[in-house]
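So the chains spell out like this:
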Amino acid sequence: VLHLATVAGDDPARVEATMATAVLAAGQAAQHAGVRRFVYASSTAALYLGDAGRITGAAPPDPQPALRSTYGRGKIAAEQQLAELRARGLDVVVVRPAIVLGAGQPFEHSGIGLWVKDNHCVGWGLGKTPLPLILVDDCARGLVAALFAPAAQNRTYNLAGAVRPSAREFVRELRLRTGRDYHFHATPIRWMWLQEMAKHLVKVLARRPRELPSIRDLRSRSFATELDCSDAVRDLDFRPESDRQRFLQRLFSPSPATP
């Protein structure tokens, strides 16, 4: 079974709880039905990636989920539920795709930055860190490989491509290849957090409270931690596009015959 479903909504607590209980129900049903392997499409949002360093798929989810976004908390909670099913004998493989981009999807991905307009991107930081982009078809191959690879039993993998432009470089390519007037705005994380706190206070005064902004979550969005996918290469024969020009061609001008 390949589990791709997720949850959305306006109630953060409900989204988090539903994401966890739903994947638990699916996993329990799979185990009851005698499914040989349950592959869960999680996300690198479940990790803390705000510090310099390098991690493999063996890295655990963020140990401070309360300081993360609704989506991140939901993925962390789902992974925790699946860890319990692993302990009960279900072969669970968790795959965490990074910033997935592909044909027919908007280029204004939140992993690049905060898009305050459709052509203005405010960076999660200064925009100089290589970003773990992955083409959607490369991601799909990794997910399918996780269903059948013998070495993947009860393992967790991060999926990121080999071509990793910074946010500045990505927005520059967008401008060059689309002809649109895209702009990137470098923003120190702490300054962004202070701005979000000011907006939060305005909402509180207007009696329209929202979640308290978390500097830990903003730092994680910077992708300061490098994702090492050598375990996925070894176990899943994961071979994402490694040539920069071909990567950009496949991203911006995909062919229907792309293998």
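Structural notes, computed from the coordinates. Here the residue numbers are simple positions, counted from 1 along each chain's written sequence. Reporting of local features is limited, given that this is a predicted model, to residues whose pLDDT is at least 70; pairs of side-chain atoms are given and counted only at 80 or more, and all residues count toward the totals for whole chains, interfaces and linings. Note: side-chain values were computed over all heavy atoms of the structure, leaving out hydrogens and water.

1. Here we look at the sheet that holds strand β4 (residues 92-97)
When DSSP finds two or more bridges between two strands, those strands count as paired. Per the convention used, a helix needs a DSSP run of H or I reaching at least four residues, while a strand needs a run of E reaching at least two, with both numbered from the N terminus. One open sheet accounts for 4 strands, arranged β1-β2-β4-β9; its pairing is parallel. Whereas interior strands pair on both sides, the edge strands pair on one side only; in this sheet they are β1 (2-3) and β9 (156-159). Two strands pair when backbone bridges link them, and β4 and β9 are joined in this way by 4 bridges, in the parallel orientation. Note on β9: the bridge partner recorded for Val94 is Thr156. The contact definition used throughout considers only heavy atoms, calling two residues in contact when any of these lie within 4.5 Å. Axis geometry follows a simple rule: fit a line to the C-alpha atoms, using only the stretch in contact for helices, then measure angles between N-to-C directions, giving values from 0 to 180 degrees. Running at roughly 160 degrees to strand β2 (residues 38-41), helix α1 (residues 12-32) makes contact with β1 and β2 of the sheet. With respect to the sheet, helix α2 (residues 70-87) is in contact with β2, β4 and β9, its orientation differing from that of β4 by roughly 160 degrees.

2. Concerning the sheet that holds strand β7 (residues 120-123)
One open sheet accounts for 3 strands, arranged β6-β7-β10; its pairing is mixed. The open sheet has two edge strands with one neighbour each: β6 (113-117) and β10 (183-185). Across the sheet, the mean angle from the axis of one strand to that of its neighbour is 30 degrees, orientation sign disregarded. Pairing analysis gives 4 bridges linking β6 to β7, with the strands arranged antiparallel. By the bridge assignment for β7, Leu114 is matched with Val122. Helix α4 (residues 167-178) contacts β6, β7 and β10 of the sheet and is inclined by roughly 165 degrees relative to β10.

3. Looking at the environment of Thr6
As for its placement among the helices and strands, Thr6 is situated in the loop between β1 and α1. Remark: the alpha-carbon pair of Thr6 and Lys75, spanning 69 residues in sequence, is separated by 8.9 Å. The contacts of Thr6, once residues within four sequence positions are left out, are Met19, Tyr71 and Lys75.

4. Considerations on the pattern of salt bridges
Salt bridges are defined as contacts in which a side-chain nitrogen from Lys or Arg sits within 4 Å of a carboxyl oxygen from Asp or Glu. Tallied over the entire structure, the rule returns 21 salt bridges. A salt bridge links Asp91 to Arg37; the nearest nitrogen and oxygen atoms lie 2.8 Å apart. In this pair, Asp91 sits in the loop between α2 and β4 while Arg37 sits in the loop between α1 and β2, placing the two residues 54 residues apart along the sequence. Each residue's exposure class comes from its accessible area (1.4 Å probe, protein chains only) as a fraction of the maximum for that residue type: buried when under 20%, exposed when over 50%, partly exposed otherwise. Overall, Asp91 belongs to the buried group, its relative accessible area being 10%. You can call Arg37 buried: its relative accessible area is 10%. Here Arg177 makes a salt bridge to Glu173, at a shortest N to O gap of 2.8 Å. Here Glu173 and Arg177 lie together in helix α4, a separation of 4 residues that amounts to about one turn. Each member of the salt-bridge network shares a partner with another, and the members are Asp137, Asp138, Arg141, Glu241, Arg246 and Arg250.

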